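# A structural walkthrough
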Amino acid sequence: MISKPLAVLFAATFTSLTCLAQGSQSAIAEDFKPSSLNQPGQEYPQVNSQGYARFKIKAPKADSVRVSLGLGGKGGTILTKGEDGFWTGTTAGPLDEGFHYYNVTIDGGKFNDPGALNYYGSVRWESGIEIPAHDQDFYALKEVPHGNVQQVLFPSKSTNMARRAFVYTPPSYDKDKSKKYPVLYLQHGWGEDETAWSNQGHANLIMDNMIAEGKIKPFIIVMTYGMTNEVKFGKIREFKIDPFQTVLVDELIPYVDANFRTLTNRDNRAMAGLSMGGMETKMITLNKPDVFGYYGLLSGGVYVPEDLNGKTKPKLVFISCGSKERPDGVTKAATDLKAAGYNAVSYVSDKTAHEFLTWRRSLHELAPLLFNK
């Protein structure tokens, strides 16, 4: 039996420890601001300084509203209905820095958040939200000379249609009409399209900023649809590279070389891609080693020495991923390639997973390595 004074002391100690534990759990900071990717004039969704996201959606006759975005594997964020007909909710924890796709489920139907801009991903237009990154300066819109991203329609006999590509030309492109430029063919991931690298990835801003800082040699970037969406989710092994390889190598590259001032040899041509675009890059560069001199896989697998043996030697092999993916495999692959005599570089994006901040950072690391040898 515990004496009364001791019991009082025990209770006081327990209470103080409980309060201390509760106090040690960081409270959600109420400094929420509209996401930078909101529709004009829309207040929600919002993000705070800790990386939490808060949603507010009007659906007065709905019985349930859920946002897909939230902590992994927990079904997203369940919103609560207010008397005013608005449903609100905050993610259970902070999100990774950078860009995220999401959608809203209302009474079992899937919709986009009317407050957010839409981006093509997951084989559909989805809502997007941006969690400000501590290193976002490298892809920020700044007062520097800007290049041009233009849409082109190129003929494709193999698919019996005109196909679309977006071409980034550096700020100096229209100033010196005699200068020719190297080209990076940059591929999106599964379920995305040729708009992804400009809209979600800010590839043009990354280039503009590095060129202004004198960190890279200016080059052209070409982004086209990788014919990936015809493959259903979970059926990646059924993907055949031949149709896209024909479009890229036999149709798009000749079109770009004929309509832009390009340096047309393999030493001035690179290919890189994120996720499935990395898989496409690996297949095509191994099939066509005389077409591309620089290879980049961004969360898109690895090369091993056996892949490259007996083929025209690449001038650079760049392999990257997020630290929440499989970084050991990426670093080991680069180490093995170096030991075999290849110029290989690995990069691991800190505290990111299979997401666009990983790939923005990867492009930022890759670009200065291109066309310098």
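Reference entry: report on the structure contained in this document. If you're wondering where the values come from, they're calculated on a predicted model, not measured in any experiment.

About the criteria used
Residues numbered from 1 in each chain as written. Predicted model: local features only at pLDDT ≥ 70, side-chain atom pairs only at ≥ 80, totals over all residues. Heavy atoms only, no water. Pairing = 2+ DSSP bridges. Helix = DSSP H or I, 4+ residues; strand = E, 2+ residues; numbered from the N terminus. Axes fitted to C-alpha atoms, helices over the stretch in contact; angles between N-to-C directions. Contact = heavy atoms within 4.5 Å. Phe/Tyr/Trp six-rings, centres within 6.5 Å; stacked < 30°, edge-to-face > 60°. Buried < 20%, exposed > 50% of the residue type's maximum accessible area, 1.4 Å probe, protein only. Core = buried A, V, L, I, M, F, W, Y, C linked by side-chain atoms within 4.5 Å. Salt bridge = Lys/Arg side-chain N within 4 Å of Asp/Glu carboxyl O. Left-handed = near helix turned anticlockwise from the far one by under 90°. Nonpolar A, V, L, I, M, F, W, Y, C, P; charged D, E, K, R; others polar.

## Here we look at the sheet that holds strand β8 (residues 98-102)
If you trace the three strands from one edge of the open sheet to the other, you get β8-β12-β11, paired in antiparallel fashion. This sheet does not close on itself; its edge strands, each paired only once, are β8 and β11 (118-121). Ignoring which end each strand starts from, the neighbouring axes of this sheet average 50 degrees apart. Relative to strand β12 (residues 124-131), β11 runs antiparallel, the two sharing four bridges. Residue pairing in the sheet places tyrosine 120 in a bridge with tryptophan 125 of β12. The sheet contacts of helix α8 (residues 356-366) involve β8 and β12, and relative to β8 the element is tilted by about 140 degrees.

## Regarding unusual backbone geometry
Cis geometry marks the peptide bond from tyrosine 44 to proline 45, where omega comes out at 5 degrees. Residue position: proline 45 is located in the loop between β1 (33-34) and β2 (46-47). Despite not being glycine, serine 299 has its phi angle at roughly 50 degrees, a positive value. Here serine 299 is to be found in the loop between β18 (294-298) and α6 (305-308). Phi at lysine 351 takes a positive value of approximately 60 degrees, unusual for a residue other than glycine. Here lysine 351 lies in the loop between β20 (344-349) and α8.

## Considering the packing of aromatic side chains
Each aromatic ring pair is summarised here by two numbers: the centre-to-centre distance and the angle between the ring planes. Inspection of every chain in the model, using the stated rule, returns 15 aromatic pairs. Note on phenylalanine 138 and tyrosine 139: the rings are 4.9 Å apart at their centroids and 90 degrees apart in plane angle, and the pair reads as edge-to-face. Accessibility classification places phenylalanine 138 together with tyrosine 139 in one group, the buried group. An angle of 80 degrees between the planes, with centres 5.1 Å apart, marks the rings of phenylalanine 356 and tryptophan 359 as edge-to-face. Here tryptophan 359 and phenylalanine 356 lie together in helix α8, a separation of three residues that amounts to about one turn. Given a relative accessible area of 4%, tryptophan 359 falls into the buried group.

## Remarks on the nonpolar core
Counting residues in each nonpolar core, the largest one holds 40 residues, and the members touching the most others are Tyr185, Val222 and Phe292. Sorting elements by how many residues they give to this core places helix α4 (residues 242-259) first, with seven residues. For phenylalanine 292, the contacting residues outside a window of four places in its chain are Tyr185, Leu248, Val249, Ile253, Arg266, Arg269, Ala270, Met271, Ile284 and Thr285. Counting 36 residues, the second largest nonpolar core, distinct from the first, contains Phe138, Ala203, Ile206 and Ala270.

## Describing the pairing of strand β17 (residues 269-274)
Of all six residues making up β17, six are buried, and the element is well covered by its neighbours. Burial of the side chains of β17 extends over both faces: Arg269, Met271 and Gly273 are buried on one face and Ala270, Ala272 and Leu274 on the other. Both strand β15 (residues 183-187) and β17 contribute to a ladder of five bridges, which runs parallel. Residue glutamine 187 lies in a different strand from β17, and its bridge partner there is glycine 273. Sheet analysis places β17 next to β18, joined by five bridges and oriented parallel. Looking across to β18, one finds that methionine 271 is bridged to tyrosine 295.

## Side note on the pattern of salt bridges
A complete count under the given rule lists 16 salt bridges for this structure. The partner of glutamate 126 in a salt bridge is arginine 124, and the shortest N-O contact between them spans 3.0 Å. Across the pair glutamate 130 and arginine 360 runs a salt bridge whose closest N-O atoms are separated by 2.7 Å. You can see glutamate 130 sitting in strand β12 and its partner arginine 360 sitting in helix α8, a full 230 residues away along the chain. Grouping residues by exposure puts glutamate 130 and arginine 360 together as buried.

## A few points about the environment of phenylalanine 166
Note that phenylalanine 166 resides in strand β14 (residues 161-169). Sequence-wise, phenylalanine 166 and proline 132 are 34 residues apart; in three dimensions their C-alpha atoms are separated by 26 Å. Phenylalanine 166 has contacts with Val149, Gln150, Gln151, Glu194, Thr195, Ile221, Val222 and Met223, leaving out every residue within four places of it along the chain.

## What about the packing of helix α3 (residues 203-212) against α8?
Viewed as axis vectors pointing N to C, α3 and α8 meet at an angle of 35 degrees, and their least axial separation amounts to 10 Å. α8 is crossed by α3, and the crossing has right-handed handedness. In this structure, α3 uses Ala203, Ile206 and Met210 to contact α8, whose residues at the interface are Arg360, Leu363 and His364. Residues that form the contact of α3 with α8 fall into these classes: four nonpolar, one polar and one charged.

## Regarding the sheet that holds strand β5 (residues 77-78)
The strand order across the open sheet built from four strands is β5-β4-β9-β10, with neighbouring strands paired in antiparallel fashion. Here the strands that pair on one side only, and so sit at the sheet edges, are β5 and β10 (109-111). With three bridges connecting them, strand β9 (residues 104-106) and β10 associate as antiparallel partners. When the sheet's bridge partners are listed, isoleucine 106 is paired in β10 with glycine 109.

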